[in-house]
Amino acid sequence: MNNDTDVVCKLCEELSVDMAQSVVNSWFTDLEVESFANDRLVLHSPADFKRDVISSKYVPALSRAAKHIFGRDIDVSIAQVGGVKSRQPVRRGPEQRRYSFDEFVVGESNKYAYSAASAVAKSPGKAYNPLFLYGGSGLGKTHLLHAIKDSVRRNNPGLVVLAVTAEAFTGELATAIQTKTTKDFKERYRTPDLLLIDDIQFIARSEFSQEEIFHTFNAMYDAQNQIVITSDRPPRELQAIENRLRTRFEWGLITDISPPDFETRIAIIQSKSQRLGLILPREVIELAAESITTNVRQIEGMVNKLKAERDLMGKSIDVEMAGKAIADLMRENPGFNPTPMYILEEVCKFYNLEPSQITGKSRKGDIVRVRQIAMYLIRTMTSMSLENIGHRIFLRDHTTVLHAVKKVEEHKEHNPAFNNDIKAIIENIKGN
């Protein structure tokens with residue numbers, strides 16, 4: 001790293017792999033390095049309430065990020081008193097700049113949300129107000145939210161734009177109440193031309209936040225100022241939020257973002273790898289697209305890992321490297337859907353075998369049975385096709401995989417002990 005600012009930039013880039021960019025922007029971009037020596041990194045936050053939240057909630061994530069960056073354990077802590085001299089806000093790193101409409105990969109699962117967001121960016125306050133985007137984690141809601149923000153700021157520099165997470169909104173409100181500055185808080189949030197709130201579901205934790213969001217919404221809407229909201233579910237399913245708020249969220253346009261289909265996942269991997277200067281073999285791209293099916297952020301995290309492996313270890317990227325990268329991400333992120341390579345490793349671990357034994361040419365009865373189990377679980381727990389399971393993982397014809405699936409299903413039905421083994425392996429896969 002060239003200087004302290006670079007350290008914070010790299011931390012923010014690493015955190016953005018597993019966190020919503022709005023969370024990174026709200027909590028970490030104004031961090032400062034107080035000291036960094038002997039593998040001990042002390043960070044300082046200029047805001048008291050942020051310092052307390054980061055200390056209690058985010059130090060493990062910062063430590064993991066630092067370990068990925070420096071390749072060794074780093075003892076990360078947050079300074080509780082004092083502070084380093086002020087400096088300019090952290091400049092945007094490449095991971096933070098990527099949130100634009102041009103970088104958003106459009107497919108069947110997100111084209112309606114993309115079109116609505118583009119319309120709002122072109123005519124804030126006139127197109128759809130409010131715009132409510134919902135969908136699972138890592139599917140692109142935050143990307144579109146920040147694409148709207150950046151587009152409006154670039155094309156309408158005279159407009160006041162404010163983007164915040166619901167969690168940060170709640171924290172700022174608590175600080176305003178404690179410091180008796182609620183008048184300034186209300187002026188800040190009720191007057192911008194464009195207000196964007198990410199992860200609105202988190203205001204359910206605070207009655208004060210819901211009350212303030214209600215009045216903020218009314219003030220913005222009455223002034224015909226644009227409101228954009230994201231959530232992990234549609235308004236009608238936000239049962240912990242007051243009905244009067246849920247009703248207001250439904251006044252404008254509600255649109256969802258679904259998990260990307262196979263073709264869109266292919267396009268996402270190609271787009272991400274091109275931005276990083278990677279040339280990925282087609283079989284690697286397809287393996288990743290078939291393995292990680294529900295989360296765009298996880299797909300991008302896998303590509304980042306491949307780049308790091310190539311740069312740090314000097315290895316060429318192939319299917320084996322991709323499989324290991326996917327399995328590593330699975331271990332680090334339990335929310336992952338199981339991937340083919342991860343399932344294979346868990347099956348081998350259960351039977352105390354090596355993956356090379358299972359994917360090899362051995363015709364020993366015990367090896368064949370374990371191979372069939374691996375084929376069966378990959379087929380039933382992922383979206384990978386019979387042909388690709390056989391060709392890419394086991395170097396066999398799809399009919400072999402089909403035969404394995406049938407044999408395992410038959411054996412499960414007639415052999416309780418065997419069935420219990422299958423259940424135990426599945427438990428291990430899901431538990432890890």
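From a predicted model like this one, the values you see are computed outputs, not experimental measurements.

A.B. asks: Can you walk me through helix 12 (residues 282-291) in this structure?
C.D. replies: Residues spaced three or four apart along an α-helix face the same direction, because each turn holds 3.6 residues. In terms of burial, helix 12 is largely enclosed, as eight of its 10 residues are buried. For helix 12, the set of buried residues is V284, I285, E286, L287, A288, A289, E290 and S291.

A.B. asks: Got a minute to help me understand the confidence of the model for the protein chain in this structure?
C.D. replies: Predicted coordinates in areas of low pLDDT are best not read in detail. Here the protein chain averages 83 in pLDDT, while 90% of its residues score no lower than 70. Across residues 82-97 the pLDDT falls below 50, and counting only partners more than four positions away or on other chains, this stretch makes 38 contacts in the model.

A.B. asks: Would you explain empty space enclosed by the protein in this entry?
C.D. replies: If a probe as big as a water molecule is rolled over the atoms, it shows which places are left empty. Evaluated as defined, the whole model comprises one cavity of 30 Å³ or more. Space inside the largest cavity adds up to approximately 50 Å³. For the largest cavity, the full set of lining residues is L195, I197, I213, T216, F217, M220, I227, I229 and F249. Looking at the lining of the largest cavity, the elements that each hand over two or more residues are strand 6 (194-198), helix 9 (207-222) and strand 7 (226-231). Among the elements that make up the lining of the largest cavity, the one with the highest residue count is helix 9 (four residues).

A.B. asks: What should I look at first to understand the environment of A37 in this one?
C.D. replies: Positionally, A37 belongs in strand 1 (residues 32-37). Assessed through its relative accessible area of 44%, A37 is described here as partly exposed. Sequence separation of A37 and D75 is 38 residues, and the distance between their C-alpha atoms is 10.0 Å.

Reading the values: rules and limits
- Residues numbered from 1 in each chain as written.
- Predicted model: local features only at pLDDT ≥ 70, side-chain atom pairs only at ≥ 80, totals over all residues.
- Heavy atoms only, no water.
- Buried < 20%, exposed > 50% of the residue type's maximum accessible area, 1.4 Å probe, protein only.
- Helix = DSSP H or I, 4+ residues; strand = E, 2+ residues; numbered from the N terminus.
- pLDDT = per-residue confidence, 0-100.
- Contact = heavy atoms within 4.5 Å.
- 1 Å grid on protein atoms, 1.4 Å probe; cavity = no way out; pocket = protein on both sides within 12 Å on 5 of 7 lines; lining within 4 Å.
- Points joined across faces, edges and corners; volume = space filled by probe spheres on them.

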